[in-house]
Structure formats: structure tokens, C-alpha cells
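Topology and contacts: notes
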Amino acid sequence: MVNAYFRPKSAEEAATLLASEKDAVLLAGGTYLLTSQFAKKPMAAIAISGLLPAAIERHGERVIIGAGATFQALAEAPGMPKALRDAALAMADRNIRNRATVGGNIGADKSCASLVPFFLVAEARYSRVGALALGAAEWQALPAAERGIAAAVEFAAPTARRFAYERYARTSCDVAVLTCAASAEFETAGGGLAARGLRIAMGGLSPHARRFPELERLFEGAALPGKAAIEAAAAPLFSPVSDARGSAEFKRARAAALLADVLAALANPEANETPEARP
Ligand SMILES: Cc1cc2nc3c(=O)[nH]c(=O)nc-3n(C[C@H](O)[C@H](O)[C@H](O)COP(=O)(O)OP(=O)(O)OC[C@H]3O[C@@H](n4cnc5c(N)ncnc54)[C@H](O)[C@@H]3O)c2cc1C
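Residues numbered from 1 in each chain as written. Predicted model: local features only at pLDDT ≥ 70, side-chain atom pairs only at ≥ 80, totals over all residues. Heavy atoms only, no water.

**As for the overall build of the protein chain**
- Looking only at helices and strands, one finds 12 helices and 12 strands in the protein chain.
- Computed over the C-alpha atoms, the radius of gyration of the protein chain is 19 Å, within 12% of the 19 Å expected from 2.2 N^0.38 for a compact globule of 279 residues.
- The principal-axis extent of the C-alpha atoms belonging to the protein chain is close to 60 × 45 × 30 Å.
- With 279 residues in all, the protein chain has 47% of them scored as buried.
- The long-range share in the protein chain, meaning contacts at least 24 apart out of those at least 6 apart in sequence, stands at 59%.
- Working note: accessible area of the protein chain is about 12600 Å², and carbon and sulfur atoms make up 55% of it.
- Positive and negative side-chain charges in the protein chain, numbering 31 and 28 respectively, have mean positions lying 4 Å apart. (Helix = DSSP H or I, 4+ residues; strand = E, 2+ residues; numbered from the N terminus. Rg over C-alpha atoms; globule rule 2.2 N^0.38 Å. Buried < 20%, exposed > 50% of the residue type's maximum accessible area, 1.4 Å probe, protein only. Contact = heavy atoms within 4.5 Å. Areas by Shrake-Rupley, 256 points an atom, 1.4 Å probe, with all protein chains shown as cover. Lys, Arg positive; Asp, Glu negative; His and termini not counted. Charge placed at Lys NZ, Arg CZ, Asp CG, Glu CD.)

Written as C-alpha cells, this is what we have:
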């Protein structure tokens, strides 16, 4: 329930209101805040549409995405890693993609937030209005009231580093039950390709998407095993809860299969990159 509405003229004014108003929320695309789940929650809505950067740029290895960019703009932006486009398109409804913003996705920080797993494995940094930048995981560790306003997301996508992303949903148009992003460099070792600097993040298995160092350790520095071996090794490490989206047992098995698919895509550069995504 929106009890108060503010239309600041600058991002700095919005930050001041956010710090001073009771029940303050940032109204970006509104595709999360204006849903029925918040119908009874008192909100002082601070409209930030048009106040934040919305450009999506690539400068060599560096990618900078304004927090005001929409999912659809991200999906259409040239030069982005294919895995990031896959993450943007994981939001299946184009009407929502046209409104939902990158800043709103990291602000909402839902368990199955489409973009967050990618930003975690890209070790992205979030610049903020009037405050120091934070790493993606540092941002998640702060209480929502202390995060402030994300202005842009920045990460490195060097040529040698590969990214892959997939989600599992009950139907193609549904929100995801599970999400998975992975990233690594590969080098020849022992007659095969060994994964180096492997990063894995998954959503749907905990209140917020997170990195899984326990999975990264399993597969770091060696040729990635076949899908069946990945599933068998990973499944015991998941501790999901049963809810409307599936039983814990189902999610554990499905998450292991999703991870196996993502790591298989990561090992196959043609499956997860496009020439135009190269700097
Ligand atoms: C039909 C439908 C389908 C959806 N499908 C998906 C999906 O597939 N994947 C998915 O991830 N989400 C999905 N969502 C949820 C929602 O669309 C996303 O979380 C979206 O990214 C929110 O962005 P927004 O700009 O609309 O944020 P808003 O609703 O305006 O705000 C969301 C939250 O983020 C905070 N916030 C907004 N901007 C900033 C900022 N710049 N800095 C800090 N905090 C900020 C707000 O205070 C608020 O708490 C869906 C929603 C609907 C209604």
C-alpha cells in the first residue's frame, strides 16, 4: 500500500529521501513492488525512473550497465556475454522485461532473481549514489535498508573467461524454480581442458541466490567430468526447502541436473559465446 509518493529531481535527492523517510522504497519499474504481495505493506514510494544511468556499454573487457536499464534493453544490447543475455531473457514475459530494471532486480534480490547469479559469478561491483561501490555478494550481505541506491553494475569479461547460464521453470512462461550461472577459464592439462577460477552461483536453493564454493572446489583445476558424475557429486550438497515450487527432493535432483547442463555448456565455448560478444 503506497501511503506516500515522492518524485525527486535527482538521484542524490532520492538517496536523501531513502535515508530519511519511514518505510521508504525505490519505485523503479514497479514490477516487484506493485504486486499483490505488498498490497498491505506500508510504503513511501520514491520514484527513480529516469534518474539513474540506463546505458549498457562495453569498453574492451569492462562491461558497465546502468541500474536504470531494462531487461529488454539488456537482452538487445550488442557485445554482451551470451550468458547475460540468456539471464535477461530468462524473464519470459516481454511486457515485464520492458519495465523491470537491473537495479530493481538486485534491489529485490529474490531467491530466483534472474540476473543475480550472473553478477555473482562475474564478481560484479555495484556503484551507488553517494556511497562507495560494493561487490555483488557484499551488497547481498547488507540489510536492504543500508544498501542505498545502486547506480550501475560493472564487471570484467576477459576473452579467456567463459560464462554460462540456465534456469529451470515449470513452464516456459513461469518464473524460475532454479537458476544457475557459472564462469571459468580453461587450460590444457593432462590431455584435457581443466577449469581454472571456477565460479558457480545458483538461485532457488536459499533465500537469495549465492555462490557455492563447495561446488567450485569439487570441480576446480580438473577436466570437468560427464553430466552423470557432476549430478552425483553435487546433489548431496544442496539443502533446498519444500514449497509450492517443488519438494526438497525434487529440487535437489533438478538443481544437480541444471548444474550439469551449465557446466557442460561452459566446457563448450561455441555453446555459450557468440563472436559479436567478443571485445
Ligand atoms: C509477471 C512477473 C514476472 C516476473 N518474472 C521475473 C523473472 O523471471 N525473474 C526475476 O528476477 N524477477 C521476475 N519478476 C520480479 C521483478 O520483475 C524483478 O525483480 C525486477 O527486476 C524488478 O525490477 P523493477 O525495476 O520493476 O523494481 P521495483 O519493483 O521498482 O523495485 C524492486 C525492489 O528493488 C529496490 N530497488 C529498485 N531500484 C533500485 C536501485 N537502483 N537500487 C537499489 N534498490 C532498488 C526497490 O526498493 C524494491 O525493493 C517478475 C515479476 C512479475 C510481475
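**Description of the domain arrangement of the protein chain**
- The domain boundaries assigned to the protein chain delineate domain 1 (2-47), domain 2 (56-156) and domain 3 (162-270).
- Distance between the C-alpha centres of domain 1 and domain 2: 19 Å.
- The partner domain 2 presents 9 residues to the 10 residues of domain 1 that form the contact.
- Taking both partners together, domain 1 and domain 2 bury about 770 Å²; carbon and sulfur atoms supply 75% of that area.
- Ranking the residues of domain 1 by area buried against domain 2 places G29, T31 and Y32 at the top, with a combined share of 52%. (Domains from an automatic or database assignment. Buried area = accessible area lost by both parts, 1.4 Å probe.)

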